[in-house]
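Read off the chains here:
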Amino acid sequence: MKLLLILLLIIFFILAAVSFPLKTVSYEIFTDKITKPVRIAQISDLHGEYYGRDMKTLLEAVDASSPDVIVLTGDIFDDVRDNENTRIFLKAAVSEYPFFYVSGNHEMRKDGWANFKQEAADMGITVLEGENVGFMGITICGASSTGDGRLTFDGSVEKCAKEAGNGFNVLLAHYPEKIGYYRSFGKFDLVLSGHAHGGQWRVPYLINGLFSPDQGLFPEYAGGMYEFDDDCMIVSRGLSRTKNVIPRIFNNPELVIIDILPESEENS
Ligand SMILES: [Fe+2]
């Protein structure tokens, strides 16, 4: 028994020491609501993380996928950590790609959102707080966190739903555990979320995440694609890595790429 414990501890420290590198994770969604493909890159929960000199690793990963647009689904800036890496990445990428940005809980703390959203807007990033924007035949709906920065939106999801048409609607909203609420409007074809950090530890094919904030142990929505009736949610496992108290194990930080494709292209 003692030997087994020692062995488990050794395995743990080896795994913890292993760097699980940035991974690009791709999804395809077919719909009869569009006629031309749209490729979205989702960046979530960056928390000012370092990705090489001048953020080259992340920038090159984005460039390799040539997205039409980048969406930022919250916790891009952090209330405690240094945000210089976030700034370097955004400033470099904003000249190449259109950006849409909603806040997460960390941007809301200490009244940080007013500054972060202004900073992003000054760079040329579109900040969404309950607004919908038409983009290449789809609609991007952005529900920012508001109030105390926890699981509240101060009506921004309702506003998005009310103004959404019958086309392909993509909702950007930081908290995946609120999926029942988002779906209750019957308006959003795709929800893009983050916040769960992949549940920090994974056991591939067995456990999709050990613990996530606001979901607790064995979170239902730790990361990946969740398909419902005619709609779905993609939860990014996020990009924060080195500064977590608990290391990520089998839980690569990820850049998410979503291809929204006309149904006519399915099986063609
Ligand atoms: Fe978060």
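Anything mentioned here points back to the structure above.
Residues numbered from 1 in each chain as written. Predicted model: local features only at pLDDT ≥ 70, side-chain atom pairs only at ≥ 80, totals over all residues. Heavy atoms only, no water.

Q: I'm lost on helix α5 (residues 113-123) in this one. Help?
A: Helical periodicity: at 3.6 residues per turn, an α-helix aligns residues three or four positions apart in one direction. For α5, the set of buried residues is Trp113, Phe116, Ala120 and Met123. With its buried residues spanning 100° around the axis, α5 presents them on a single face. Residues of α5 that are exposed and point more than 90 degrees away from the buried face comprise Asn115 and Asp122. Contacts made by the buried residues of α5 are with α3 (84-93), β4 (99-102), α4 (105-108) and β5 (126-127). Once α5 ends, the next one or two residues include Gly124, with phi positive near 105°. (Buried < 20%, exposed > 50% of the residue type's maximum accessible area, 1.4 Å probe, protein only. Helix = DSSP H or I, 4+ residues; strand = E, 2+ residues; numbered from the N terminus. Arc of directions from axis to C-beta. Contact = heavy atoms within 4.5 Å.)

Q: It is not clear to me how the coordination of the iron ion should be interpreted in this structure. Could you clarify?
A: In an ideal octahedron of six donors the angles at the metal are 90 or 180 degrees, and in an ideal tetrahedron of four donors they are 109.5 degrees. On the protein side, the iron ion has Asp75 (OD), Asn105 (OD1), His174 (NE2) and His195 (ND1) as donor atoms, found 2.1 to 2.2 Å from it. Seen from the iron ion, its four donor atoms lie at angles of 89 to 172°, and the figure they make is irregular. One chain supplies every donor to the iron ion, and in sequence these donors are spaced D-x29-N-x68-H-x20-H. Placement of Asp75 in the loop between β3 (69-73) and α3 and of Asn105 in helix α4 is noted, with a sequence separation of 30 residues between them. Looking at Asn105, the relative accessible area reads 3%, which means it is buried. (Donors = N, O, S within 2.8 Å, 3.2 Å for Na, K, Ca; no water. Tetrahedral: all angles 85-135°; square planar, octahedral: opposite > 155°, others 65-115°.)

Q: Explain α3 to me, please; I cannot follow it from the model alone.
A: For α3, the full list of buried residues reads Asn85, Thr86, Arg87, Phe89, Leu90 and Ala93. On its buried face, α3 is in contact with β2 (38-43), α2 (56-65), β3, β4 and α5.

Q: Sorry if this is basic, but what is going on with the sheet that holds strand β7 (residues 138-143) here?
A: Strand pairs in the sheet, formed through backbone hydrogen bonds, run parallel or antiparallel to each other. An order of β6-β7-β8-β9-β13-β12 is seen for the six strands of this open sheet, with the pairing classed as mixed. Across the chains shown, the open sheet's two edge strands, defined by having one partner strand only, are β6 (131-135) and β12 (224-227). Here the strands of the sheet are splayed against their neighbours by 20° on average, with no regard to which way each runs. Pairing geometry for β6 and β7, over five bridges, is antiparallel. Its bridge partner lying in β7, Phe135 is registered against Ile138. Each of β6, β7 and β8 (168-173) is contacted by helix α6 (residues 156-163), which is oriented at about 160° to β7, the strand it contacts most. (Pairing = 2+ DSSP bridges. Axes fitted to C-alpha atoms, helices over the stretch in contact; angles between N-to-C directions.)

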